[in-house]
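Survey of secondary and tertiary structure
Listed here are the chains, written in short residue letters.
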Amino acid sequence: MRICVLHGPNLNLLGGREPDVYGRLTLEDVNALISSHAESLGITASIQQSNSEGELVDAIQDARTWADAIVINPGAYTHYSIALRDAIAAVDIPAIEVHLSNIHSREEFRKISVTAPVCAGQIAGFGANSYTLAISAAKQLIESRE
Ligand code: DQA
């Protein structure tokens, strides 16, 4: 089982970026957590970060050729990127949207996700554990479809 994990814009700054909101773990720390959780479930997680909308679209399109599911934190693109929404809708593998923070308890503009409606589900508010929960959910989803 292979899962494509995508981090969107500004997540490369984790650890130093608004630590009260996003925690003190760096992206490297979060990726280590994702990899070890995935490994414990027998999953290969391929992890990428990009600040660019087009690169994320390319990565989603590419994932359809090799991945069983996508776990994506679209960052701020969550709230307005129709291009990412269309890419997720275009591929026939399930996607799970992840957020470190609980976007529903923050500013009004963050409560809107244009990407969540085309995902299998959304996990938000558990810090780095949002990703490990999403990996577990993706595994169950893939197995239930087999
Ligand atoms: C985020 C929430 C977004 O609103 C924000 O733009 C981010 C991070 C999160 O993980 O909590 O960049 O996706």
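Relevant structure appears above.
Throughout what follows, the structure given in this document is the object of discussion. What you see as residue numbers is a count from 1 along each chain, following the sequence as written. Only residues with pLDDT of at least 70 get local features here, since the model is predicted, and only at 80 or more are side-chain atom pairs given and counted; chain-wide, interface and lining totals rely on the full set of residues. The side-chain numbers reported here are obtained from all heavy atoms of the structure, hydrogens and water having been left aside.

Taken together, Arg 17, Tyr 22, Asn 73, Gly 75, Ala 76, His 79, His 99, Leu 100, Ser 101, Ile 103, Arg 106 and Arg 110 are the residues near the ligand. Any pair of nitrogen or oxygen atoms within 3.5 Å is treated as a polar contact; in protein, a donor-acceptor pairing is required on top of that, and neighbouring residues in sequence qualify only through side-chain atoms on both sides. Within the backbone of Leu 100, a nitrogen or oxygen atom sits 2.8 Å from an oxygen atom of the ligand. Applying the majority rule of atoms within 2 Å of the grid points places the ligand in the largest pocket. It suffices for a single heavy atom of a residue to lie within 4 Å of a molecule or strand for the residue to be listed as near it. Think of a 1 Å grid over the protein atoms and nothing else: a 1.4 Å probe that fits but is trapped marks a cavity, an open set flanked by protein within 12 Å on at least five of seven lines marks a pocket, and residues with an atom within 4 Å of a point count as lining. By definition, a pocket or cavity contains a molecule when more than half of the molecule's atoms lie within 2 Å of the pocket's grid points.

For the α-helix, the turn length of 3.6 residues means that residues three or four positions removed from each other point alike. Partly exposed residues are those whose accessible area sits between 20% and 50% of the maximum for their type, while under 20% is buried and over 50% is exposed, using a 1.4 Å probe and protein chains only. Here a strand is any run of E in DSSP of at least two residues, a helix any run of H or I of at least four, and the numbering for each starts at the N terminus. For helix α4 (residues 82-90), the full list of buried residues reads Leu 84, Ala 87 and Ile 88. Down the axis of α4, the buried side of the element spans an arc of 95°, and every buried residue falls inside it. The contact criterion used is simple: two residues touch if any of their non-hydrogen atoms lie within 4.5 Å. Against α3 (53-63), β3 (69-73) and β4 (95-99) lie the buried residues of α4. Each C-beta atom gives one direction from the helix axis, and the arc is the one those directions make.

By the criterion of burial, strand β1 (residues 2-7) is predominantly enclosed, with five of the six residues buried. Strands are treated as partners if at least two bridges between them are detected by DSSP. When β1 meets β3, the two strands line up parallel, connected through five bridges. Looking across to β3, one finds that Ile 3 is bridged to Ala 69.

To continue, consider the layout of surface pockets. Regions of empty space are outlined by a rolling probe, equal in size to a water molecule, passed over the atoms. Grid points are joined across faces, edges and corners, and a volume is the space filled by probe spheres set on the points. Here the largest pocket defines a volume of roughly 160 Å³. Every residue lining the largest pocket is counted, 15 residues in all, and those nearest its centre are Arg 17, Tyr 22, Gly 75, Ala 76 and Arg 110. Residues are grouped as follows: Ala, Val, Leu, Ile, Met, Phe, Trp, Tyr, Cys and Pro are nonpolar; Asp, Glu, Lys and Arg are charged; all remaining types, including Gly, are polar. A breakdown of the residues in the lining of the largest pocket according to their chemical character gives six nonpolar, six polar and three charged.

The topology assignment puts Arg 64 in the loop between α3 and β3. When the C-alpha atoms of Arg 64 and Val 91 are compared, they prove to be 5.9 Å apart, with 27 residues separating the residues in sequence. In this structure the side chain of Arg 64 is engaged in a polar contact, spanning 2.8 Å, whose partner is the backbone oxygen of Gln 61.

Let's shift gears to the packing of α3 against α4. Axis definition: a line fitted to C-alpha atoms, over the contacting stretch in the case of helices. Angles run 0 to 180 degrees between N-to-C directions. Across the interface, α3 lies against α4 with an axial gap of 9 Å and an inter-helix angle of 5°. Judged on the interaxial angle alone, α4 and α3 are roughly parallel. Residues Glu 53, Leu 56, Val 57 and Ile 60 of α3 touch α4, and the partners they reach there are Ala 83, Leu 84, Ala 87 and Ile 88. By residue class, the composition of the contact of α3 with α4 is seven nonpolar, no polar and one charged. In what follows, roughly perpendicular refers to angles from 65 to 115 degrees, roughly parallel to angles under 35, roughly antiparallel to angles over 145, and oblique to any angle outside these ranges.

Moving on: the nonpolar core. Ranked by internal contacts, the top residues of the largest apolar core, which has 22 residues, are Ile 3, Val 5, Leu 14, Val 71, Tyr 131 and Ile 135. Contributing elements (two or more residues each) for this core: β1, α2 (27-40), β3, β4 and α5 (129-145). For Ile 135, the residues in contact, after removing those within four places along its chain, are Ile 3, Val 5, Ile 34, His 37, Ala 38, Leu 41, Ile 43 and Val 71. Remark: nonpolar core denotes a set of buried residues (Ala, Val, Leu, Ile, Met, Phe, Trp, Tyr, Cys) joined through side-chain atoms within 4.5 Å. Counting 18 residues, the second-largest nonpolar core is a separate cluster that includes Leu 84, Ile 88, Ala 95 and Cys 119.

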